[in-house]
Amino acid sequence: MNKDEKNKTTVLSDELFKIDGKPSFAQALPLALQHVVAMIVGCVTPAIIVAGAAGLSGSDSVILIQAALVMSALTTLVQLFPVIKTKKFQIGSGLPVIMGISFAYVATMQAIAEKFDIATILGAQIVGGVVAIFVGTFIRQIRKFFPPLVTGTVVFAIGLSLYPTAINYMAGGVGNESYGSWQNWVVAFITLTVVTALNHYGRGFWKLASILIGIIVGYIVSIFFGMVDISPVFTASWFQLPRPMHFGIRFDPSSCVAIGVLFAINSIQAIGDFSATTTGGLDRMPTTGELNGGIVAYGCTNILCSFFGGLPTATFSQNVGIVSSTKVVAKRVFGIAAVIMLAAGLIPKFSSALTTIPYCVLGGATVSVFASIAMTGIKLITSKPLTFRNTSIVGLAIALGMGITQANAALATFPDWVTTIFGKTPVVVATITAVVLNLILPKEKTEEEK
């Protein structure tokens, strides 16, 4: 290699660490694949879970998974390359982030899907998108109601609400003839063991792709138990565009309130992901314009997603972690990752193959993800001293949220809409309790004030 070529290679390498850098395709592709590997399982699993709760047919499940990938790709592109950008307003953060279907909505979507249908989820998602736009527009004024203590309590409640889903899946899926069989538990624990071992002992790609590798191992083991039926893959087509309004849109007030609260919470939580991205990769805090644009785009794109059957998206924290560890922020890398996601979504055979994964494998792979969500909440809570006031807020919020949802007949005499909003998942009750208590309980004096 001559001197000029060496210098050119060095310049291209430096381009990876500039937000508007232009690294070569050869350099950007493996880094883009790294992001896809880290998020793709987490992106499609909520769609698989909701499809199961709604009792969708195999073909409709494929369409829901396809929409998850396609719309995640499009929302990522909007965040990377704002569609509108002026000095005072923009739609899109312009930051190197990856968007995907969020686990934070799974428990609530399950409850809605079981009582109503996918159309009701998508209708509530439109309302949630409007809520996110409102939060993004007035982020400075609203942010004070969601300090780390409150946000952490809510995230902790979200993690706890997902545990029953993981355990039911590990047992084989509620309604499955083999539910609770030893075969399901063996496969689930093999999957969980692989994921845990790679998370703690793996390095590089092996650690990064721990969930994906765990699912592959669990899938292979489940084949020997006769749990896999790949016939739907052969009948699926090679190419298919998303189908607008395939599931329809229906509005139910109680569902809209439940999803709307989650959108407000996740809008605030997105500040953390945007901040972690800029501090980890760009050594600065995000600007007000980037925060406003990112959250407004979060709302706008979710409204668009609902018309194409895409479930609620959010920033993916695992990809934020990759940015912090690699310092690679070139938007070209993330753009290539989005294109790969888009291509995968346009291939129904790929989506159909994902539907053949047994529930016990998904449960074994995702229980650690749900655990990490709960622990993220704990980290946020403990970022402030655990004073008597703070422990009262967290304790009462979680006690009421979890208690009401776990006592099945606690709201039996109330109207159905009350049960849908407050009795299906602990998140709404925990959020309202934490916000109200944080506002009304007297703040304790600091040592200097004493």
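Residues numbered from 1 in each chain as written. Predicted model: local features only at pLDDT ≥ 70, side-chain atom pairs only at ≥ 80, totals over all residues. Heavy atoms only, no water.

### Side note on the overall build of the protein chain
Here is step 1 of the chain: Helix and strand counts for the protein chain stand at 20 helices and four strands.
Here is step 2 of the chain: For 450 residues, the compact-globule formula gives about 22 Å, and the C-alpha radius of gyration of the protein chain, at 22 Å, lands near that figure.
Here is step 3 of the chain: In terms of its C-alpha atoms, the protein chain occupies a principal-axis envelope of roughly 80 × 65 × 45 Å.
Here is step 4 of the chain: Buried residues in the protein chain amount to 54% of all 450 residues.
Here is step 5 of the chain: Intrachain contacts of the protein chain at a sequence separation of at least 6 include 81% that bridge at least 24 residues.
Here is step 6 of the chain: As presented, the protein chain carries roughly 19,900 Å² of accessible surface, and 66% of it is formed by carbon and sulfur atoms. (Helix = DSSP H or I, 4+ residues; strand = E, 2+ residues; numbered from the N terminus. Rg over C-alpha atoms; globule rule 2.2 N^0.38 Å. Buried < 20%, exposed > 50% of the residue type's maximum accessible area, 1.4 Å probe, protein only. Contact = heavy atoms within 4.5 Å. Areas by Shrake-Rupley, 256 points an atom, 1.4 Å probe, with all protein chains shown as cover.)

### Describing helix α13 (residues 288-307)
Here is step 1 of the chain: A rise of 1.5 Å per residue sets the reference length of α13, with its 20 residues, at 28 Å; its end C-alpha atoms lie 30 Å apart and thus fit the reference within 8%.
Here is step 2 of the chain: Counting buried positions along α13 yields 14 of 20 residues, so the element is predominantly enclosed.
Here is step 3 of the chain: Downstream of α13 by one or two residues, Gly309 has phi in the positive range, about 80°. (Expected span 1.5 Å × (residues − 1).)

### Points about the packing of aromatic side chains
Here is step 1 of the chain: Scanning the model with the defined rule gives six aromatic pairs in all.
Here is step 2 of the chain: For the ring pair Phe134 and Phe138, a centre distance of 5.0 Å and an interplane angle of 45° mean the geometry is tilted.
Here is step 3 of the chain: Judged by centre distance (5.4 Å) and plane angle (25°), the ring pair of Phe263 and Tyr298 falls under stacked. Of this pair, Phe263 sits in helix α12 (residues 253-281) while Tyr298 sits in helix α13; the two residues are 35 residues apart in sequence, bridging distant segments of the chain.
Here is step 4 of the chain: Among the residues examined, Phe263 registers a relative accessible area of 0% and is labelled buried.
Here is step 5 of the chain: Every member of this aromatic cluster is reached through a ring pair, and the members are Tyr105, Phe263 and Tyr298.
Here is step 6 of the chain: For the cation-ring pair, Lys349 lies above Trp238, with the distance from its terminal atom to the ring centre recorded as 5.1 Å. (Phe/Tyr/Trp six-rings, centres within 6.5 Å; stacked < 30°, edge-to-face > 60°. Lys NZ or Arg CZ within 6 Å of the ring centre and 35° of its normal.)

### Quick notes on the packing of helix α7 (residues 148-170) against helix α18 (residues 388-406)
Here is step 1 of the chain: α18 packs onto α7 with a crossing angle of 30° between their chain directions and a minimal axis gap of 10 Å. Classified by the interaxial angle, the pair formed by α7 and α18 is roughly parallel. Taken as a pair, α7 and α18 cross one another with a handedness that is right-handed. The segment α7 lies against α18, with Leu149, Thr153, Phe156, Ala157 and Leu160 engaging Asn390, Ile393, Val394, Ala397, Ile398 and Met402.
Here is step 2 of the chain: Residue classes in the contact of α7 with α18 are distributed as nine nonpolar, two polar and no charged. (Axes fitted to C-alpha atoms, helices over the stretch in contact; angles between N-to-C directions. Parallel < 35°, antiparallel > 145°, perpendicular 65-115°, else oblique. Left-handed = near helix turned anticlockwise from the far one by under 90°. Nonpolar A, V, L, I, M, F, W, Y, C, P; charged D, E, K, R; others polar.)

### Some words on the packing of helix α10 (residues 210-224) against helix α17 (residues 359-381)
Here is step 1 of the chain: With their axes 8 Å apart at the nearest point, α10 and α17 run at an angle of 155° to one another. Taken together, the axes of α10 and α17 are roughly antiparallel relative to one another. Crossing of α10 over α17 shows right-handed handedness. Seen from α10, the contacting residues are Ile211, Ile215, Gly218, Tyr219 and Ser222; seen from α17, they are Val361, Leu362, Ala365 and Val369.

### Some words on helix α3 (residues 58-80)
Here is step 1 of the chain: Helix length check: α3, at 23 residues, gives a terminal C-alpha distance of 33 Å against a target of 33 Å (1.5 Å per residue), a fit within 8%.
Here is step 2 of the chain: Burial analysis of α3 places 18 of its 23 residues in the buried class, which makes it a mostly covered element.

### Describing the side chain of Ser102
Here is step 1 of the chain: By the element assignment, Ser102 lies in the loop between β3 (99-101) and α4 (106-115).
Here is step 2 of the chain: Residue classification places Ser102 among the buried positions, given a relative accessible area of 8%.

### Considering a nonpolar patch on the surface
Here is step 1 of the chain: Together, Phe145, Ile432, Val436, Leu439 and Ile440 line one region of the surface with nonpolar side chains, adding up to about 450 Å² of accessible area.
Here is step 2 of the chain: With respect to the element layout, Ile432 can be found in helix α20 (residues 427-440).
Here is step 3 of the chain: Given a relative accessible area of 42%, Ile432 falls into the partly exposed group. (Patch = residues over 30% accessible without salt bridge, like charges linked within 9 Å, V, L, I, M, F, W, Y side chains within 5 Å. Salt bridge = Lys/Arg side-chain N within 4 Å of Asp/Glu carboxyl O.)

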